[in-house]
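What follows is each chain in one-letter form.
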2 protein chains.
Amino acid sequence: MMAIAATIKDVAKYTGLSTATISKYINGVRVKEKNRKLIEEAIEKLDFRVNEIARGLKTNRTMTVGVLIPSLENIFFTSIVSHIERVLQEHGYSTILCDYNQNCSLENSKFDFLMNKSVDGIILIPLGIDKERIKKALEREVPVILVDRLLKGLECDVILVDNLNASYDAVEQLIIKGHKRVGIICGPQNLYTAEERLRGYIRVHEDYNMPVDQALIRMGENEIQGGYNGIKELLELENPPTAVFATNYEMTVGAIMALNERNVRIPEDISFIGFDNLQLAKVVKPNFHVVVQPIRQIGETTANLLLRRLKKDYGNYPSISRLKTKLVSGYSIADITV
Amino acid sequence: MMAIAATIKDVAKYTGLSTATISKYINGVRVKEKNRKLIEEAIEKLDFRVNEIARGLKTNRTMTVGVLIPSLENIFFTSIVSHIERVLQEHGYSTILCDYNQNCSLENSKFDFLMNKSVDGIILIPLGIDKERIKKALEREVPVILVDRLLKGLECDVILVDNLNASYDAVEQLIIKGHKRVGIICGPQNLYTAEERLRGYIRVHEDYNMPVDQALIRMGENEIQGGYNGIKELLELENPPTAVFATNYEMTVGAIMALNERNVRIPEDISFIGFDNLQLAKVVKPNFHVVVQPIRQIGETTANLLLRRLKKDYGNYPSISRLKTKLVSGYSIADITV
DNA sequence: TTGTACGCGTTATCAC
DNA sequence: GTGATAACGCGTACAA
């Protein structure tokens, strides 16, 4: 025999009160002290829980947020989601998670899927979504928050990381320590973050009046393989760099692997700065310098902004946050100033 | 002006038909050819979409599945989720994802949260959940599928990996190649998978009539640090192993890092078998042997089983699948048979 | 094949 | 403070 969930009606019957009163109690309206006791007893006894579906039908809210990310197999993205989910859940929202497998057309269709599911809001790490979809969502008063990547020409809340200065500061450290030839391993240039990180690299060169040698710029996929190949190519240059900056986590792993494999010592043979995973940087000896993104802050800021929008608080719309990274020091930079 | 979603009523008005007819059309019941055309035109024109909330209220189904995993910061888990989500989404289900941060009490409360959200089914990678909760869910006809870990004394569908034989086969390869002292780096023994993997190690020793040296068994957290420490301890033994088996991905990364750092060569100085991430194994030179879990298959099997249960197909309940791993060869085992 | 009428569990609007 | 009642949008007898 299966326990059918009790309804407001049941509680009403049990207490002798009306459904209206029960509903009010549930929604925080004051009721007579005596009735309060009674209702609480009934709820306990009948194991009553609000039917969110029925409530949603009335209120037009599902207490559900859609989160759409490029891939579930990338720890940077999923870590952000982890924090988002925690904060939202604390406020009673559940998180419908979708990934689009780095595929724009999937990105579009999953966005539609979420809209069809009547989510109350959407958090999106975008790739190449059709901006009209986002506009339409906003028109329907479904707030959308972009994360990590900007979509030019779209008025929308967005939480970013200051990638340009992250990169600038990292490379600057190398320059300050006397490095004239700094290699950079970066992601595809149609990707907002990768582009920004390369721009930081270029700008710091300009600011220090140093030429940019295109041969030192290695682009590849944001994967282990990309980092691995990048290092390989850099080491095989006639005039190889004395320092290398890897600009995302997977590439950092690949780069370290390639260096170890060739017995290239850090920092004696080459100086190195990695990206993102502090734990990894701490495990490898010598600990390497690493640019750490404020993952927790990204997630929490995003969730909190969305919660505000869900409360119809549209203060400082559109809000553009640019969170700061941290350069955590290690022992992977050789001082070669003469 | 915001586009309010059209309802069945609107479509009925537009076509001059009744809401019942529209509803039937939507649910695949035949209608007059002429009316079909008309309805389709109206749906297109009005941009009508079924209100899943209202439908859920009637059908008592939310077309939503809860997925509860130990951590969103572990790529093994999230990769499984990725496949689950894809399959479910193809069948119109959305996935509410929660993680419990490796914390049993959170595991319990998030399970409750999902039940309160009236999900149609739950997929759980369990740690120490109160089994009564699962029983109660099953009684309420909410199917639950366990993944990766067994809960003893609970009748429930479960999708497992044959960890014992995975470990057995890996270590056997080392033994066949003449290794008498094989180190194993494994996770905490209150964890189902870690325990199974160690049992495989022990069983193959028994089968080959080899003593098990407790000093060669290093336990730690399933993290990079655990693998790193494990290798370190093994290398510092008076009588160190000639081969090492790391039993999860993070530990494999840590182990490789530690070996590289000490310039211990694979396989000249030590033979090695890793776990899980084929891409990593292929990137490191020499490619190392690696036990690969059928992640895609785990996800798809899980999703498909749940879909069957959601259709009230309770054939071969409880279903216990034990999926096979694959030992992918590399060049990390030295043949030291004399 | 189509239409009428009602109910799903909740909230909101009134009166009282 | 409380209660009766009408929505919310859809599915489904049952009747036509």
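Residues numbered from 1 in each chain as written. Chains lettered and ligands numbered in written order. Predicted model: local features only at pLDDT ≥ 70, side-chain atom pairs only at ≥ 80, totals over all residues.

> Even after reading the chapter, I still don't get the relation of the copies chain A and chain B, so can you show me in this structure?
Note that the two copies of the chain are related through a rotation about an axis and a translation along the same axis. Relative to chain B, chain A is turned by 180° and slid 0.0 Å along the rotation axis, the superposed coordinates differing by an RMSD of 0.1 Å. Such a combination of turn and shift is consistent with a two-fold rotation axis. Looking at the rotation axis and the C-alpha trace of chain A, the residue lying nearest is I96 of chain A, at 2.2 Å. Interface overlap between copies is the fraction of interface residues in one copy that are interface residues in the other; for chain A against chain B it reaches 100%, indicating a shared surface. (Least-squares fit on C-alpha atoms with pLDDT ≥ 70 in both. Contact = placed C-beta atoms within 7 Å.)

> Teacher, can you tell me more about the protein's contact with DNA strand C here?
The full set close to DNA strand C counts 27 residues, and I8 and N51 of chain A together with A20, V31 and K32 of chain B are the nearest of them. Breaking the surface near DNA strand C down by element, the ones donating at least two residues are α1 (8-15), α2 (19-26) and α4 (52-59) of chain A together with α2 (19-26) and α4 (52-59) of chain B. For the surface near DNA strand C, the element with the most residues is α4 of chain A, which contributes 5 residues. Split into classes, the residues belonging to the surface near DNA strand C amount to 10 nonpolar, 10 polar and 7 charged. (Near = placed C-beta within 6 Å. Helix = DSSP H or I, 4+ residues; strand = E, 2+ residues; numbered from the N terminus. Nonpolar A, V, L, I, M, F, W, Y, C, P; charged D, E, K, R; others polar.)

> Could you clarify how one ought to interpret the protein's contact with DNA strand D in this entry?
S18, A20, V31 and K32 of chain A together with T7 of chain B are the nearest of the 28 residues found near DNA strand D. Across the surface near DNA strand D, the residue classes break down as 10 nonpolar, 10 polar and 8 charged.

> Any chance you could explain the domain arrangement of chain A here in plain terms?
A common way to state how big an interface is: give the accessible area lost once the parts meet. For chain A, the domain assignment lists domain 1 (8-50), domain 2 (63-161 + 295-323) and domain 3 (163-293). A C-alpha centroid distance of 63 Å is found between domain 1 of chain A and domain 3 of chain A. (Domains from an automatic or database assignment.)

> Would you explain the interface of chain A and chain B in this entry?
Counting residues at the interface gives 43 residues for chain A, matched by 43 residues for chain B. Elements represented by at least two residues in the side of chain A that touches chain B include exactly α4, α5 (75-90), β2 (94-99), α6 (104-116), α10 (224-235), α11 (249-261) and α12 (278-283) of chain A. Broken down by element, the side of chain A that touches chain B gets its largest block of residues, 7 residues, from α5 of chain A.

> Explanation requested: the nonpolar core in the structure shown.
Buried together is how nonpolar side chains tend to be arranged in soluble globular proteins. Core analysis: the largest hydrophobic core is formed by 176 residues, its most contacted members being V144, V244 and A255 of chain A together with V144, V244 and A255 of chain B. Other than its neighbours up to four places away in sequence, V244 of chain A contacts G183, I185, I231, L234, A255, I270 and F272 of chain A. (Core = buried A, V, L, I, M, F, W, Y, C linked by C-beta atoms within 7 Å. Buried ≥ 20, exposed ≤ 12 C-beta atoms within 10 Å, placed from the backbone.)

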